[in-house]
Amino acid sequence: MRTIVHFSDRPISRIDDLYGEAHREAVSKVYKAVEEGHFIAILGARRVGKTSIVKTFLNTYNYRFIYFDLSPYMNLRAVSLRSLVPAEIGFDENQLSSEARLNLSILSLVLRKEKITSEVFQKNFLSLLRELNHKYRKTVVVFDEAQVLAFIKGINYRGILQFIHNNYGNVIVILTGSMPGLLEKLISPAEAEKPGFARYIEEIYIPRWNRNETVNFLREGFRTKSINYRDEELHEVYEELSGIPGFISYYGLLRLNGLSHHDALDKTVEYAIAEWERDLRSFLNMYNSPLYIYILAILAEIITGLSWRELKGELERRLERSIGKSTLHKILSNLLKAGMIEKQ
C-alpha cells in the first residue's frame with residue numbers, strides 16, 4: 001500500500017494517510033485486540049501518533065464508539081467533572097431508547113441545568129453502556145490521554161473501568177497515554193489489593209520514526225508539493241525533532257506555507273518545547289519532588305549523557321548532601337517509564 005504524504009497539524013484518520021510501518025501495524029493490533037475483547041493501552045511520546053492510530057482505527061473498522069479527549073487538561077492538578085464530556089459520538093443516537101438518549105444528553109452537557117455530580121455521571125455513563133452492551137456486538141470507549149482521569153475530582157475511574165470489564169463484555173476500552181509509566185501506575189497501582197482489570201490490558205507501544213522514515217516522509221512530501229530542499233536539511237530535522245511524527249509533519253506544513261528550512265525548524269522546536277513542558281508539568285503533578293528537576297537539568301546540560309555513578313556524584317555536589325541508591329534508582333526508573341530520559 002502506498003501512503004499519501006500529508007503535512008498537517010491535525011491527527012490522521014485515513015489508513016492511506018497514516019505513514020510508518022509500525023503505525024499501520026498498530027491499527028491492525030488494535031483491531032485484533034478489540035475483536036478478542038481486550039482492554040487496550042496505546043502508549044508513546046507526545047505527538048508520536050497515538051490519536052491518529054485511534055482515529056484511523058475507528059474510521060477504518062466502523063465500530064460504534066464514544067471518544068473522550070482529555071489532552072487539554074494534561075498539566076492540571078485538578079480537573080472539573082464537566083471536562084469529562086464526549087468529544088465525539090460514533091453511533092446513531094436515535095436508535096437508542098429514550099432513557100439512553102437522556103443519559104447521553106446529560107453526559108454531553110446538552111441538558112445544562114442538570115447538576116452533574118460524580119454519582120450522576122457514573123450512574124448515567126454505566127446505564128448508557130449497559131444498553132450499548134446489549135444492543136451492539138462491539139462498542140469502543142476511548143479515553144485519550146487517560147492519565148488525566150486521576151485528576152478529575154470525585155471520579156473513581158478504576159472502579160468504573162473495573163465495572164465495565166467485569167460486566168460489559170461487548171464494551172471495549174481504549175486508553176492512550178503520553179507517559180507510559182505514569183498511565184501504568186494509575187491503572188495498576190502497586191498498593192492495589194488485587195491485580196484487577198489492568199492485567200488484561202493489551203499494551204501497544206508506538207515508536208518514533210527512524211531516520212529513514214523521517215527523511216523519506218519529508219522527501220516525498222516536498223517532491224509532491226515542488227518544495228526545494230537539501231538532503232542535509234532532512235537529516236537535521238530528524239536530529240532536532242527526535243523522530244516525532246507530529247513535529248516532523250508540522251515542520252513540513254510550515255515549509256509548505258513558504259517558510260525557509262531554518263525558520264520552519266526554529267518554529268517547530270519552539271512548538272515541541274512547549275508541548276514537552278506541558279508533559280513535564282503533568283509528570284510533576286504526580287511526582288512532586290525537586291529531585292526530578294535537578295536530574296533533568298543535569299542531563300540536559302550534559303548532552304553526551306552520564307553514567308549512573310557520574311549522575312549520582314553531580315547530583316550530590318549540587319545538593320550538598322548524599323543521595324541513597326534506592327532513591328536515585330526510583331527517580332531514574334520513573335523518568336525512564338515516563339519517557340523523560342533514555343538509557344543507552
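See above for the structure.
Treat the numbers as computed from the prediction; the structure is a model and nothing was measured.

Trainee: What is the right way to look at the pattern of salt bridges in this model?
Mentor: When the charged atoms of two side chains with opposite charge come close together, those side chains can pair. Taken as a whole, this structure holds 19 salt bridges when the rule is applied. For R278, the salt bridge identified is with E275, shortest N-O distance 3.5 Å. Of the two residues, R278 and E275 are both situated in helix α10 (residues 261-286); the distance of three residues between them amounts to about one turn of the helix. Shared partners join several salt bridges into a network, and the residues in it are R46, E275, R278 and D279.

Trainee: I'm lost on helix α7 (residues 211-224) in this one. Help?
Mentor: An α-helical turn contains 3.6 residues, so any two residues separated by three or four positions project in the same direction. The end-to-end C-alpha distance of α7 is 20 Å, a good match for the 20 Å that 14 residues give at a rise of 1.5 Å each. Taken together, the buried positions of α7 are E213, T214, V215, F217, L218, R219, G221 and F222. You can read the cap of α7 off the contacts: a side-chain oxygen lies 3.1 Å from the backbone nitrogen of N212, and it is on N210. Directly beyond the C-terminal end of α7, a positive phi value near 55° is found at S226.

Trainee: Got a minute to help me understand the packing of helix α1 (residues 21-35) against helix α2 (residues 50-61) in this structure?
Mentor: The axes of two packed helices give the description: the angle between them and the distance between them. Where α1 contacts α2, the axes come no closer than 9 Å and their chain directions differ by 60°. Comparing their axes, α2 and α1 come out oblique. Handedness of the crossing formed by α1 with α2: right-handed. Contacts between α1 and α2 involve H23, A26, V27, V30, Y31 and V34 from the first element and I53, T56, F57 and Y61 from the second. By residue class, the composition of the contact of α1 with α2 is eight nonpolar, two polar and no charged.

Trainee: How should the sheet that holds strand β6 (residues 201-205) be read in this particular structure?
Mentor: One key point about sheets: their strands pair by backbone hydrogen bonds, in either a parallel or an antiparallel sense. Spatial strand order, β3-β2-β4-β5-β1-β6: six strands in an open sheet with mixed pairing. The outermost strands of the open sheet, each flanked by one partner alone, are β3 (88-89) and β6.

Trainee: Explanation requested: the environment of D231 in the structure shown.
Mentor: With respect to the helices, strands and loops of the structure, D231 is situated in helix α8 (residues 231-241). Distance from D231 to R101, taken between C-alpha atoms, is 55 Å for residues 130 residues apart in sequence.

Trainee: Would you mind going over the packing of helix α4 (residues 118-135) against helix α5 (residues 157-167) with me for this structure?
Mentor: Running from N to C, α4 and α5 point in directions that differ by 20°, and their axes come no closer than 11 Å. The angle between α4 and α5 falls in the class roughly parallel. When you trace α4 past α5, the crossing you get is right-handed. Together, F121, Q122, F125, L126, L129 and N133 of α4 and I160, F163, I164 and N167 of α5 make up the contact between the two elements. Counted by class, the contact of α4 with α5 contains seven nonpolar, three polar and no charged residues.

Trainee: Is there a simple way to explain the packing of aromatic side chains in this structure?
Mentor: Remark: the centre distance and the inter-plane angle together describe each pair of aromatic rings, the angle taken between the planes. Throughout the structure, instances matching the rule amount to 19 aromatic pairs. Summarising the aromatic geometry, the rings of F68 and F125 are spaced 5.9 Å apart at their centres and angled 85° between planes, so their arrangement reads as edge-to-face. Taken together, the residues span a long stretch of sequence, with F68 in strand β2 (residues 64-69) and F125 in helix α4 at a distance of 57 residues. Since its relative accessible area comes to 1%, F125 is described here as buried.

Trainee: How should the side chain of H23 be read in this particular structure?
Mentor: Note on placement: H23 falls in helix α1. Within the structure, H23 has its side chain in polar contact with the backbone oxygen of V48 (distance 2.7 Å). Discounting residues that sit within four places of it in the chain, H23 has contacts with L18, V48, G49, I53, I206, P207, W209 and P245.

Conventions and cut-offs
All residue numbers here refer to positions counted from 1 along the written sequence of the relevant chain. Predicted model: local features are reported for residues with pLDDT of at least 70 only, side-chain atom pairs are reported and counted for 80 or more only, and whole-chain, interface and lining totals are derived from all residues. As a rule here, side-chain values cover all heavy atoms of the structure and leave hydrogens and water aside. One side-chain nitrogen of Lys or Arg within 4 Å of one carboxyl oxygen of Asp or Glu is enough to make a salt bridge. Counting from the N terminus, the helices are the DSSP runs of H or I reaching at least four residues and the strands are the DSSP runs of E reaching at least two. Expected span of a helix, by definition, is 1.5 Å for each gap between consecutive residues, and there is one gap fewer than residues. When a residue's accessible area, from a 1.4 Å probe over protein chains only, is under 20% of the maximum for its type it is buried; when over 50% it is exposed; and in between it is partly exposed. Pairs of N or O atoms are called polar contacts if they sit within 3.5 Å, as long as, within protein, a hydrogen donor faces a hydrogen acceptor (for residues adjacent in sequence, only side-chain-to-side-chain pairs). In this analysis, axes come from line fits to C-alpha atoms, helices being fitted only over the stretch in contact, and the angle between any two N-to-C directions falls in the range 0 to 180 degrees. Each angle is binned into one of four classes, with values under 35 degrees roughly parallel, values over 145 roughly antiparallel, values of 65 to 115 roughly perpendicular, and all other values oblique. Each helix crossing is assigned a hand: it is left-handed if the near helix lies turned anticlockwise from the far helix by less than a right angle, otherwise right-handed if that turn is clockwise. It only takes one pair of heavy atoms within 4.5 Å for two residues to be counted as in contact. Residues are grouped as follows: nonpolar covers Ala, Val, Leu, Ile, Met, Phe, Trp, Tyr, Cys and Pro; charged covers Asp, Glu, Lys and Arg; every other residue, Gly included, is treated as polar. By this definition, two strands are paired if DSSP reports at least two bridges between them. Any two rings among Phe, Tyr and Trp, with Trp reduced to its six-membered ring, count as a pair given centres within 6.5 Å; such a pair is stacked if its planes are under 30 degrees apart, edge-to-face if over 60, and tilted if neither.

Any link to function would need more than the numbers given here.
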